[in-house]
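# A look at the structure
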Amino acid sequence: MNAARPPVAADWRRMAPGDTAAVVALADRVHPTFHEDEAVFRDRLVLFPDGSLVLPAPGGGLAAYAIAYPVRRFAPPPLDTVLGRLPQDADALYIHDVAVAPEWRGRGLAEPAIARLLALSEPFGAAVLVSVYGTPPFWARHGFRPVEDAALAPKLASYGEDAVFMQRETMKET
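A quick note: this is a predicted structure, and the numbers were derived from the prediction, not measured.

In this section: the nonpolar core. The biggest cluster of nonpolar side chains holds 56 residues, and the ones touching the most others in it are Tyr65, Ile95, Val98, Leu117, Val130, Trp139 and Phe144. Looking at this core, the elements that each hand over two or more residues are helix H1 (20-30), helix H2 (38-47), strand E2 (52-56), strand E3 (62-71), strand E4 (92-100), helix H3 (110-121), strand E5 (126-131) and strand E7 (164-169). Examining the composition of this core, we find that nine residues originate from one element, E3, more than from any other. Setting aside its immediate chain neighbours within four residues, Val130 contacts Pro76, Tyr94, Leu156, Tyr159, Ala163, Val164 and Phe165.

To continue, consider H2. Those residues of H2 that fall on the buried side of the exposure criterion are Val40, Phe41, Asp43, Arg44 and Leu45. On its buried face, H2 is in contact with H1, E2, E3 and E4. Backbone nitrogen of Ala39 and a side-chain oxygen of the N-cap are separated by 3.0 Å at the start of H2; the cap is Asp37.

A few words on the environment of Glu161. Positionally, Glu161 belongs in the loop between helix H5 (153-156) and E7. Sequence spacing of Glu161 and Leu79 is 82 residues, and the spatial spacing of their C-alpha atoms is 14 Å.

Attention shifts here to unusual backbone geometry. Keep in mind that most residues, glycine aside, have a negative phi and that most peptide bonds are trans. The backbone phi angle of Asp80 is positive, close to 55°, even though this residue is not glycine. Topologically, Asp80 is positioned in the loop between E3 and E4. Unlike most non-glycine residues, Tyr133 shows phi in positive territory, near 60°.

Another aspect to go through is the environment of Gly51. Its place among the elements puts Gly51 in the loop between H2 and E2. Residue Gly51 is classed as buried on the basis of its relative accessible area, which comes to 0%. In this structure the C-alpha to C-alpha distance between Gly51 and Ile67, which are 16 residues apart in sequence, comes to 5.4 Å. Not counting chain neighbours up to four residues away, the residues in contact with Gly51 comprise Ala66, Ile67, Ala68, Leu117 and Leu120.

With that settled, the discussion passes to the packing of H1 against H2. At a minimum axis separation of 9 Å, H1 and H2 run at an interaxial angle of 125°. By the angle between their axes, H1 is oblique relative to H2. In this structure, the crossing between H1 and H2 has a hand that is right-handed. Taking contact as the criterion, the partners of Thr20, Ala21, Val23, Val24 and Ala27 in H1 are, on H2, Glu38, Phe41, Arg42 and Leu45. Among the residues forming the contact of H1 with H2, the class breakdown is six nonpolar, one polar and two charged.

When pLDDT is averaged along the chain, the result is 92, and 94% of the positions lie at 70 or above. At the low end of the mean pLDDT range in the chain sits H5, at 88; at the high end sits H2, at 98.

Okay, the pattern of salt bridges next. A side chain with one charge can pair with a side chain of the opposite charge if their charged atoms come near. Summed over all chains, the structure comprises seven salt bridges. Note that Arg73 and Glu169 form a salt bridge whose closest N and O atoms lie 3.0 Å from each other. In this pair, Arg73 sits in the loop between E3 and E4 while Glu169 sits in strand E7, placing the two residues 96 residues apart along the sequence. A relative accessible area of 16% means that Arg73 is categorised as buried.

Taken together, the seven strands give an open sheet; going across it, the order is E1-E2-E3-E4-E5-E7-E6, and neighbouring strands pair in mixed fashion. Looking at the sheet topology across the chains shown, the edges are occupied by strand E1 (13-14) and strand E6 (145-146). For E4 and E5, the ladder comprises three bridges, and the chain directions are parallel. Within the sheet, the bridge partner assigned to Ile95 lies in E5 and is Leu129. Set on the sheet, H2 makes contact with E2, E3 and E4; between it and E3 the angle comes to about 60°. Running at roughly 170° to E4, H3 makes contact with E1, E2, E3, E4, E5 and E7 of the sheet.

Calculation notes
- What you see as residue numbers is a count from 1 along each chain, following the sequence as written.
- Two thresholds apply to this predicted model, a pLDDT of at least 70 for residue-level local features and 80 or more for giving and counting side-chain atom pairs, whereas whole-chain, interface and lining totals are computed over all residues.
- The side-chain values count all of the structure's non-hydrogen atoms but skip hydrogen atoms and water molecules.
- We define the nonpolar core as a collection of buried residues of types Ala, Val, Leu, Ile, Met, Phe, Trp, Tyr and Cys that are connected through side-chain atoms lying within 4.5 Å of one another.
- Think of it in three bands: with a 1.4 Å probe and only protein chains considered, a residue is buried below 20% of the maximum accessible area for its type, exposed above 50%, and partly exposed in between.
- The secondary structure listing takes helices from DSSP runs of H or I that are at least 4 residues long and strands from runs of E that are at least 2 residues long, numbered from the N terminus.
- Contacts between residues were defined by any pair of non-hydrogen atoms, one from each residue, lying within 4.5 Å.
- Here a polar contact means two N or O atoms within 3.5 Å. Within protein one must be a hydrogen donor candidate and the other an acceptor candidate, and residues neighboring in sequence count only if both atoms are side-chain atoms.
- Fitted lines through C-alpha atoms give the axes, limited to the stretch in contact for helices. The angle between two N-to-C directions lies from 0 to 180 degrees.
- Orientation categories follow fixed angle ranges, with anything under 35 degrees roughly parallel, anything over 145 roughly antiparallel, 65 to 115 roughly perpendicular, and all other angles oblique.
- Note: crossing handedness is left-handed where the near helix turns anticlockwise from the far helix by less than a right angle, and right-handed where it turns clockwise.
- Residues are sorted three ways: Asp, Glu, Lys and Arg are charged, Ala, Val, Leu, Ile, Met, Phe, Trp, Tyr, Cys and Pro are nonpolar, and all the rest, Gly among them, are polar.
- Confidence of the predictor in every single residue is expressed as pLDDT, which spans 0 to 100.
- Criterion for a salt bridge: a side-chain nitrogen of Lys or Arg within 4 Å of a carboxyl oxygen of Asp or Glu.
- Here a strand pair is declared whenever DSSP counts at least two bridges between the two strands.

As structure tokens, this is what we get:
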């Protein structure tokens, strides 16, 4: 347990270009079987900066990060893929990842970031994600429901055997 002042949920901020190395370091700790190159995180930051968030840790580094960006609803990108551009016909916000360092879990630190990302999803009418590591119950508490569609299986292959595509309908702005 870190004896320093714990990060405060309100301390989430937009990711800066200088944060991407720390995001990769945390991602590699949290997702050791799903490495993604720093170029992937730089790409997301450039393409959709509002959906790239970090939570600084006391004494340096990051306690958490969150990444989301517009996509076509049933077309999650493969892991470790640089997109280069966002689809013009995006109809959902894809929550790529919300990751909290193990030593900071259980404190509700992810909740404000998830709320910010869900607010970004409103113009699209939906938020989608791929749940891994048995986290569907966590995402269900945020209104996400599994989507059962065999056509999604090839798109989920890079996420592992336990991957579950989930969707949350939102109010679309008019």
